[in-house]
Amino acid sequence: MKILVVGGGGREHALCWAIAASPLLTRLWCAPGNPGIAEVAECVAIGAEDIPALVAFAKAEAMDLVVVGPEAPLTLGLADACAEAGLLCFGPRAAAARLEGSKSFFKDIANAAGAPTAAHGRFTDPDAARAYLREQGAPIVVKADGLAAGKGVVVAFNLAEAEEAVAEMMEAGIHGEAGRILVIEECLIGEEISFFALCDGTHAIPLGAAQDHKRVGDGDTGPNTGGMGAYSPPPAFTPALQAQVMAECINPVLAELARRGTPFQGVLFAGLMLTAEGPKLLEFNVRFGDPECQALMLRLRSDLLPALLAAAQGGLRDFELRWEKLASLLVVMAARGYPGTPLRGTEIRGLEAAAQVPGVQIFHAGTAQDEAGRLVAHGGRVLGIGATGATLAEARAAAYAAVALVDWPEGFCRSDIAWRALPTPGE
Ligand code: AMP
Ligand code: GLY
């Protein structure tokens, strides 16, 4: 089979790595890819959001499947354009991808499906929003409706912070159009879990769970990032909870989307809070999480490719995936300055030695090759240093042993990935 993966980050490196191991594969391309991906796929210089060029390339090569990594091409209609061109695509059409693009749409769908989620109000008027805040009290969460580069959510611990968020988003317009509508919701307390389900429009099967680390600093301090590390499986998310989430969240939402004529096909990423009252939905994303995908792929024992094909073709009803009875852990190495303005172009050495640590697998997220052929940082999150182990503690020890061998003075990472599951380093 000929496969095209769209994207060029750690998530896409992990997907390409998994697909490259499939006996079904004839040839694998990635657009635009990165130097790490180039070790397992042919990189094509087409941007992940250049829909016409991606479709033209996929048609010219008669791709058997286009696998979409990031949300942007999905919200721009890559899956729709593939369907029109007669190409099979893994990933939802734009109408279903709205689940990630609009928080109020997500809330409508979750409520219509009866899926548990925080109580909320939707506002287009700042005075009405302020009145609701005073009525509800703090802590409370203020969210810009649209996509705001991960910065559209304020968890306010007092009313003043919440009112400031309303003023900034609605009156000062710091997120532009995305903040014209606000969702204000109940603050949920508990363990946060990323859960993934593979969907074919009608059926869904669990694709595993991971815990991300969103804050830049140890102990979950400092500003939010795209994710500084992940581990899988998270012990707090028991098989019973997974079954409950499939029954209460995933299946009803899938049915509601199908009922509306916008069936969801691809991977549904449920951001969950495990509250005292049970798991509740924080949000949905319409793609794999990054770095969660890297941690998940390290544990997947089944061939990924037939699973992606079954999702794209409506064949998941009796599909089963097998997982290694192992733990995996992924440490993100970022360029100094991230999540603000990361330092670019600094040289990274020592990856060969780091990759020799038993159980370790390195994924590239934001690297490039400079004119002299040196590997350099080219983005905020630059490397994913992953490892598997018989236990989470073993996986953590291996990942950090590899991190120590990476010779990159301008890079940094969190030193406490999996701290909620393994409170004491070296435990
Ligand atoms: P989001 O952009 O929706 O992923 O939200 C960013 C982060 O805000 C989430 O990862 C949660 O940690 C936090 N968050 C969002 N909604 C809530 C909520 N209702 N209660 C508590 N924390 C929340
Ligand atoms: N790591 C969280 C995300 O991919 O959205």
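Presented here is an overview of the structure given in this document.

Calculation notes
- Residues numbered from 1 in each chain as written.
- Chains lettered and ligands numbered in written order.
- Predicted model: local features only at pLDDT ≥ 70, side-chain atom pairs only at ≥ 80, totals over all residues.
- Heavy atoms only, no water.
- Near = heavy atom within 4 Å.
- Polar contact = N/O pair within 3.5 Å; in protein donor to acceptor, adjacent residues only side chain to side chain.
- Nonpolar A, V, L, I, M, F, W, Y, C, P; charged D, E, K, R; others polar.
- Axes fitted to C-alpha atoms, helices over the stretch in contact; angles between N-to-C directions.
- Helix = DSSP H or I, 4+ residues; strand = E, 2+ residues; numbered from the N terminus.
- Parallel < 35°, antiparallel > 145°, perpendicular 65-115°, else oblique.
- Contact = heavy atoms within 4.5 Å.
- Pairing = 2+ DSSP bridges.
- Phe/Tyr/Trp six-rings, centres within 6.5 Å; stacked < 30°, edge-to-face > 60°.
- Buried < 20%, exposed > 50% of the residue type's maximum accessible area, 1.4 Å probe, protein only.

**What to know about the site of ligand 1**
At step 1: As a structural note, the neighbourhood of ligand 1 is formed by 14 residues, with Glu 185, Glu 186, Leu 188, Glu 192 and Glu 283 the closest of them.
At step 2: Here a nitrogen atom of ligand 1 and a backbone polar atom of Glu 186 are 2.9 Å apart.
At step 3: In terms of residue class, the shell around ligand 1 is made up of seven nonpolar, no polar and seven charged.

**Topic: the packing of helix H1 (residues 10-20) against helix H11 (residues 304-313)**
At step 1: Taken N-terminus to C-terminus, the directions of H1 and H11 make an angle of 105 degrees; their axes are 7 Å apart at the nearest point. Relative to H11, the element H1 lies roughly perpendicular. Facing H1, whose interface residues are Leu 15, Ala 18 and Ile 19, H11 presents Leu 304, Leu 305 and Leu 308.
At step 2: Counted by class, the contact of H1 with H11 contains six nonpolar, no polar and no charged residues.

**Overview of the sheet that holds strand E3 (residues 42-43)**
At step 1: Spatially, the five strands line up as an open sheet ordered E3-E2-E1-E4-E5, and their pairing is parallel. Lying at the two open borders of the sheet, with one neighbouring strand each, are E3 and strand E5 (89-90).
At step 2: The sheet contact formed by strand E1 (residues 2-7) and strand E2 (residues 27-32) spans six bridges and is parallel. Residue Gly 7 lies in a different strand from E2, and its bridge partner there is Pro 32.
At step 3: On the sheet, H1 packs against E1, E2 and strand E4 (65-68) and is oriented at approximately 170 degrees with respect to E1.
At step 4: Helix-sheet contacts for helix H2 (residues 51-60) involve E1, E2 and E4, and the interaxial angle to E1 is about 165 degrees.

**What to know about the packing of aromatic side chains**
At step 1: For the structure on display, the rule yields seven aromatic pairs.
At step 2: On the basis of an interplanar angle of 80 degrees and a centroid distance of 5.5 Å, the ring pair of Trp 17 and Phe 363 is categorised as edge-to-face. Residue Trp 17 is found in helix H1, and its partner Phe 363 is found in strand E18 (residues 360-364); the two are separated by 346 residues along the sequence.
At step 3: Residue classification places Trp 17 among the partly exposed positions, given a relative accessible area of 26%.
At step 4: On the basis of an interplanar angle of 45 degrees and a centroid distance of 4.6 Å, the ring pair of Phe 196 and Phe 269 is categorised as tilted. Pair noted here: Phe 196 is in strand E10 (residues 191-200) and Phe 269 is in strand E15 (residues 265-275), with a separation of 73 residues, a long-range link.
At step 5: Each residue in the set Phe 196, Phe 269 and Phe 288 is aromatic and connected to the rest through ring pairs, giving one cluster.

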